[in-house]
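Topology and contacts: notes
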Amino acid sequence: MHPQPYHTEYAAQKTWTSTLVSSLPRPTLLTNEQMEIIAVNQQFCDLFHLADIPEEMAGKKTTLYMPHLGLADMESFKKRVLELYESKAAADNDMFHLKDGRIILRDHRPIFFNEHFIGHLWSYSDETEKIRTNELLKAQKEFYEDVLDNIPADIGVFSAEQRYLFVNKIGIKDPVIREWIIGKTDADYYRLKGKDESLGQLRREMYERIAKEGKEYTWEEKTINAAGEEVYNLRKVKPVYDELGKLKLYIGYGLNITERKLIENKIAQSEQRYRDLFNHSQALVCTHDINGKLLEVNPALCEALEISPEELITKTIGDFLPPEHKDFYGEKYLPDIQHSNIAHGLFTVISTSGKKKYLLYRNVKVEDENKEPFVIAFATDVTEALIAQKELEKAQKTAEENVRSKERFLANMSHEIRTPMNGILGITSLLQKTPIDAEQQNYLDIIEQSAHNLLSIINDIIDFEKINSGKVLLEKIAFDVTDKIELTIKLFRVLSNPDTSIHFINRLGSHFKVIGDPTRLIQILNNLMSNAIKFTHQGEISILAEVDTTSSSMAYIHFCVTDTGIGIDPEYMQRLFQPFIQANPETTRKYGGSGLGLAITKSLVEMQEGRIWVESETQKGSRFHFIIPYEMVKLDELPEKEKSKPVVVNKLGHLRVLLAEDNQINQMLAKRILQFWGFECVIANNGREALDWMEQEQFDLVLMDIQMPEINGIEATIEIRKMADAQKRHVPVVALTANALKGEEEKYFSVGINDYLVKPFTENELYSVIEKVLAG
């Protein structure tokens, strides 16, 4: 039988198709609608490293070979193939990756013949090297563009016709305009931005000049930004030529130098200010080299030395010094400034007319790598000030001597009165322990009261001195105002005349607790009550206490001491609170007193941020008002009331005490007290004897008078603290002093004295301080 013509034609077509596909240079695959291979060439097999040859693959399903293609992502590949089978759409450059790293591009074409679909044509190419090369080139381009974009300057590349080929982000920030500007000129840009085109014209002229001269050029441009601020740019353009010497392009570089220009302007202004300061300053200013030769001088220096600038810069500093200072200049000043870089002090100079002037100077050496070192000298003419200072020092010395004289007088007065007063009060205390009748007791009371009155006058004088010198310190402790007033009234009821009644007008309540200085309040009330009793022979005296105003934490308490006494003459009211002032001389003769009580009272009130005033009528009485602000406290913050001290009971045992005291009455008094406690007492009449006793024997305690003949108490203590015997060297020493001035105790402690007592003192005070130093 002969074959049918159709089959013969189909076989011929198939052979023709296979031959055609095999002859194509690219790896090619032809499949039908059922994904069966119609034809494939060897290039396809080689591309995917398939073992089958094209003839063996014909008629087989493509899905059979998919697992052998070495696909990196099988699922994505299959999905895309199915999409193309279903859509029969053309596709170019479909990219997929193989596991071995190769990158394959695929094109797809649906094949139609007489509108009849006959198959899918797939062509492939290995684009790995090309794509990698392009990626590398792209990366390099991006790298260089990134570098150029991040250089802190605007960079542009221009054609020989001055058209933009490249501009970085600094040059043009807007990416749209940056893309648009390629191929355009500066003039196009300025028209787009609506800017002055004269700058574009200037740049064209600069390009033409560069092209003509064949070398790079640098210039500055000044523009105004959107905010109306001046902007300065430094422009540099370099021409680039090809191998034939023809202009190829321009490379432009621009740097914003606005900040630098501002700094330069400030430097220029600063230099001008310095020059103005140099020329117009009243200070004497100059510069000189390290040998003292003057380089620059200001008018003030020329005026002071009475010489012209032209003459002055031909001289040295040494030319104006007196002969006796020449050595200082050459041997001290110049070496100091050369090695220490700074010198300061006082120069004595002689002007051209022979006037001697004193210049206070401070000079600094300046060193620069490119310059010879020089000295900047600043001086002030202190001639008049120095003369005034000498006068002031003389006056100050006189004033200080007066202060020291006053302090010595007060210390001596305190010592001379307190020392015998200590004996009077001590002997009175001893006599009161002996059997005496009522009349003798009355005499002793008078002696004791008189002694206390005299002591009060001394205390007033010393308190006044302390206040004036700012040496009074205020306490801040909790206390009951009502309680302190009641105690004060009880005391003065005992001291008042029988015909005078004393009342407490209490508007505070049974208890009113505050934080402040109770001692100063009692001192104020004592001063005012003492005056009221002194000047009221019969009648009434009262203390009023009430709250004037309050705040969240403060109470302003109003006190008023009222009497029905002789009153105060209006003539003396204005100076009533001045020191050493009394109503009239008759008052002093009749009633006594130092005239300091009210001055001290006023100072104490004002130190506590209060105020005091007085109302008075002659022969009708006076009212002394004062207001003091206090912090308020709760009841549980108030300390317990002080209890009266009991009679001393010796708990220290037998002690050997060395008493260094030059006053016989005080010796007897102290010895009796010590013996009464069971102590053994050895007496030294001065500091020398005290040291002799210390060398010979051991003592548990030394009571050391400060003011003694031959060697005083301070000197004796210093020598004790130097003794070789450790027990003697560390023996407790208590100073007994009649000097009550503030600051003396610091002197005592500095030489090794353990504690001190101010004469006169009580037995309790003496025992307490002995107990304290022995415990320490």
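Residues numbered from 1 in each chain as written. Predicted model: local features only at pLDDT ≥ 70, side-chain atom pairs only at ≥ 80, totals over all residues. Heavy atoms only, no water.

Burial along strand 21 (residues 611-617) is one-sided: Ile-612, Val-614 and Ser-616 are buried, and none of Arg-611, Trp-613, Glu-615 and Glu-617, which face the opposite way, are. Of the strand pairs in this sheet, strand 21 and strand 22 (residues 621-632) are connected by seven bridges, and their pairing is antiparallel. If you follow Val-614 over to strand 22, its bridge partner there is Phe-624. With antiparallel pairing between neighbouring strands as the criterion, strand 21 and strand 22 make up a hairpin whose turn holds three residues, including Gln-619 at a positive phi of roughly 65 degrees. (Buried < 20%, exposed > 50% of the residue type's maximum accessible area, 1.4 Å probe, protein only. Helix = DSSP H or I, 4+ residues; strand = E, 2+ residues; numbered from the N terminus. Pairing = 2+ DSSP bridges.)

Positionally, Ala-89 belongs in the loop between helix 4 (74-87) and strand 3 (91-97). Sequence-wise, Ala-89 and Pro-110 are 21 residues apart; in three dimensions their C-alpha atoms are separated by 6.6 Å. In contact with Ala-89, other than residues within four places in its own chain, are Leu-84, His-108 and Pro-110. (Contact = heavy atoms within 4.5 Å.)

Where strand 8 (residues 217-224) and strand 9 (residues 230-241) come together, eight bridges link them in antiparallel fashion. Pairing of Thr-218 across the sheet is with Lys-236, part of strand 9. Counting the residues in the hairpin turn of strand 8 and strand 9 gives five residues, including Gly-228, whose phi is positive at 80 degrees.

Turning our attention to the packing of helix 20 (residues 687-696) against helix 21 (residues 713-720). For the pair helix 20 and helix 21, the least separation of the axes is 9 Å and the interaxial angle reads 20 degrees. Regarding the angle of helix 20 to helix 21, the classification is roughly parallel. As helix 20 packs across helix 21, the resulting crossing turns out to be right-handed. Contacts between helix 20 and helix 21 pair Gly-687, Leu-691 and Met-694 from the former with Ala-716, Glu-719 and Ile-720 from the latter. Class assignment for the residues of the contact of helix 20 with helix 21 results in four nonpolar, one polar and one charged. (Axes fitted to C-alpha atoms, helices over the stretch in contact; angles between N-to-C directions. Parallel < 35°, antiparallel > 145°, perpendicular 65-115°, else oblique. Left-handed = near helix turned anticlockwise from the far one by under 90°. Nonpolar A, V, L, I, M, F, W, Y, C, P; charged D, E, K, R; others polar.)

Core analysis: the biggest nonpolar cluster contains 38 residues, and Val-481, Ile-557, Phe-559 and Phe-626 have the highest contact counts within it. Counting only elements with at least two residues in this core, the list comes to helix 15 (481-495), helix 16 (518-535), strand 19 (539-550), strand 20 (554-563), helix 18 (597-607), strand 21 and strand 22. If you tally residues by element for this core, the top one is helix 16, at seven residues. With residues up to four places along the chain from it excluded, the contact list for Ile-557 reads Val-481, Leu-508, Phe-512, Val-514, Glu-546, Asp-548, Phe-626, Ile-627, Ile-628 and Tyr-630. Counting 26 residues, the second-largest nonpolar core is a separate cluster that includes Val-297, Leu-312, Leu-334 and Tyr-361. (Core = buried A, V, L, I, M, F, W, Y, C linked by side-chain atoms within 4.5 Å.)

Overall, the predicted model of the protein reaches an average pLDDT of 83, with 86% of residues at or above 70. Under a pLDDT of 50 for its full length, residues 585-593 has, in the predicted model, 12 contacts with residues more than four places off or in other chains. Between residues 641-645, whose pLDDT stays under 50, and residues either more than four places distant or in other chains, the model counts two contacts. (pLDDT = per-residue confidence, 0-100.)

On to the environment of Asp-242. Tracing the chain through its elements places Asp-242 in the loop between strand 9 and strand 10 (247-256). Separated by 2.8 Å, the side chain of Asp-242 and the backbone nitrogen of Lys-246 make a polar contact. (Polar contact = N/O pair within 3.5 Å; in protein donor to acceptor, adjacent residues only side chain to side chain.)

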